[in-house]
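Inside the fold
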Amino acid sequence: MPENRITITPHLWFDREAREAAERYCSLFPDGHIRSVTTLHDTPSGDVDVVSFSLAGQPFMAISAGPLFRFNPSVSFIVNHDPSRDGEARAHLDALWDALADGGLVRMPLDAYPFSPRYGWVEDRYGVNWQLILSDPEGEPRPSIVPALLFTGEVAGRAEEAGAFYRSVFPGSRPGQLLRWPAGMEPEREGTVMYSDFRLGETWFAAMDSAEDHGFGFNEAISFVAPCDSQEEIDRHWAALSVVPDAEACGWCKDRYGLSWQIVPAAMEAMMACGDQARIDRLTQAFLPMKKLDLAALQAAFGGEVRR
């Protein structure tokens, strides 16, 4: 029997802009479309919108749930423009850059760098960070959008360890590239990860170390949704990833590196997008007091099983 390789979904926490941001992103990226918009009632943040959308084949989720967390560059999204797949890759990169930079903050100017003839890092008007790059057409293909993790502060120097750990958690994972910082690049530590990538289930991630004093780190503004087909799978992922009891709530947990995850039933998105507000309300009130999610209790509250 083949391994069950899950697709991990980045989840963005906005104050009130989730729907606005999702619509804007969908207008900018190829194959951008909103899959569903659901309102959850009577949550600790009041009534909140949950938006599911896709950009260039990568699923995303977003929530408008108040100003509790702020985006920062510890999690960004690499956007690959591959000339072997797009004859106008450079022009499309430049157009996307102009749109994302409008009202945003340029962190690394769009320019030629040793690793790419066209690259830039920008924080958009909502605070989400994007790295746009003209990919090497001779390299192994990667998805158009790759979440990137920057290990800094207390977890600087642990990117390689983290990649190995995450691959041990998710079936069907594999390593990709691994480039190390050379000597003479202080404050970066020789031998730590300058750039790496790896596949977790079906989803590619990148990871880097930085010993610079950036003043930011992983937080709940961006978490990663891991869908599970059974309670056993929920239990297994929860046991592997959750190490901060105070961070456990509604299926959310925090791992040993401070990265946030949501361990949820695979059918959760379909349940939330069913269109029956009474069932959605019952489901919401069932999961709000939970820490690790109880699949049977959620199905009972919803009023039956929904398959993804």
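Notes on the structure in this doc start here. Only a predicted model underlies this, so the values are computations on that prediction, with no experimental measurement involved.

Remarks on the pairing of strand 11 (residues 193–200)
Residues in a regular strand point their side chains to alternate faces of the sheet. Taken across its 8 residues, strand 11 has 6 buried, putting it largely inside the fold. Bridge count for strand 10 (residues 174–180) against strand 11 is 5 bridges, and the pairing is antiparallel. Among the inter-strand pairings, Leu-179 is bridged to a residue of strand 11, identified as Tyr-195. Pairing of strand 11 with strand 12 (residues 203–209) involves 5 bridges; the strand directions are antiparallel. Bridged to Ser-196 within strand 12 is Ala-207. Linkage of strand 11 to strand 12, two consecutive antiparallel strands, is achieved through a turn of 2 residues, within which Gly-201 is found at a positive phi near 60 degrees.

Some points on the sheet that holds strand 9 (residues 145–151)
Pairing in this open sheet of 8 strands is mixed, and the strands run 6-7-8-5-9-12-11-10 from one edge to the other. Each end of this open sheet is capped by a strand with a single partner; those strands are strand 6 (105–113) and strand 10. Strand-to-strand twist in this sheet, taken as the mean axis angle between neighbours without regard to direction, amounts to 20 degrees. Sitting on the sheet, helix 2 (residues 89–101) touches strand 5 (75–81), strand 6, strand 7 (116–123) and strand 8 (129–134), and the angle it makes with strand 7 is about 20 degrees.

Here's the deal with the packing of helix 6 (residues 277–287) against helix 7 (residues 295–302)
Between helix 6 and helix 7, the shortest axis-to-axis distance is 8 Å and the interhelical angle comes to 150 degrees. Relative to helix 7, the element helix 6 lies roughly antiparallel. By crossing handedness, the relation of helix 6 to helix 7 is classed as right-handed. Within the contact between the two elements, helix 6 uses Arg-279, Arg-282, Leu-283, Ala-286 and Phe-287 and helix 7 uses Leu-298, Ala-301 and Phe-302. Among the residues making up the contact of helix 6 with helix 7, the classes are represented as 6 nonpolar, no polar and 2 charged.

Thoughts on the pattern of salt bridges
Oppositely charged side chains are able to pair whenever their charged atoms sit close together. Taken as a whole and judged by the stated rule, the model has 15 salt bridges. Close ionic contact of Arg-19 with Asp-49 constitutes a salt bridge, the shortest N to O distance being 3.6 Å. Of this pair, Arg-19 sits in helix 1 (residues 18–28) while Asp-49 sits in strand 3 (residues 46–55), and the two are 30 residues apart along the sequence. Between Arg-142 and Glu-140 there is a salt bridge, and its shortest N-O distance comes to 3.1 Å. With a relative accessible area of 10%, Arg-142 lands in the buried category. Taken together, the salt bridges that share partners define one network made up of Glu-140, Arg-142, Arg-174 and Asp-197.

With respect to the environment of Asn-72
Inspection of the secondary structure assignment puts Asn-72 in the loop between strand 4 (58–64) and strand 5. C-alpha separation for the pair Asn-72 and Val-243, spaced 171 residues apart in sequence, amounts to 22 Å. In contact with Asn-72, other than residues within four places in its own chain, are Asn-129, Phe-216, Gly-217 and Asn-219. Here the side chain of Asn-72 touches Gly-217 through a polar contact of 2.9 Å, landing on its backbone oxygen.

How each quantity is defined
- Position labels on residues start from 1 in each chain and follow its written sequence.
- Only residues with pLDDT of 70 or above have their local features reported here, since the model is predicted, and side-chain atom pairs are shown and tallied only from 80 upward, although totals for entire chains, interfaces and linings are computed over all residues.
- Working from all heavy atoms in the structure, the side-chain values ignore hydrogens and water.
- The buried label applies to any residue whose accessible area, calculated with a 1.4 Å probe on protein chains only, is under 20% of its type's maximum; exposed applies above 50%, and partly exposed to all values in between.
- Helix numbering and strand numbering both begin at the N terminus, where a helix is a DSSP run of H or I of at least 4 residues and a strand a DSSP run of E of at least 2.
- Strands pair, by our definition, only if DSSP identifies at least two bridges between them.
- Simply put, an axis is a line fit to the C-alpha atoms, just over the touching stretch for a helix, and the angle between two N-to-C directions goes from 0 to 180 degrees.
- Residue contacts are defined here by distance: any two heavy atoms, one from each residue, within 4.5 Å place the two residues in contact.
- Working definition: roughly parallel below 35 degrees, roughly antiparallel above 145 degrees, roughly perpendicular at 65 to 115 degrees, and oblique for all remaining angles.
- The hand of a helix crossing depends on one turn: near helix anticlockwise from the far one by less than a right angle means left-handed, and clockwise means right-handed.
- Each residue gets one of three labels, nonpolar for Ala, Val, Leu, Ile, Met, Phe, Trp, Tyr, Cys and Pro, charged for Asp, Glu, Lys and Arg, and polar for the others, Gly among them.
- The working definition used for a salt bridge is a side-chain nitrogen of Lys or Arg within 4 Å of a carboxyl oxygen of Asp or Glu.
- In protein, a polar contact means a hydrogen-donor-capable atom and an acceptor-capable atom, both N or O and within 3.5 Å, with residues adjacent in sequence counting only if both atoms are side-chain atoms; elsewhere, any N or O pair within 3.5 Å suffices.

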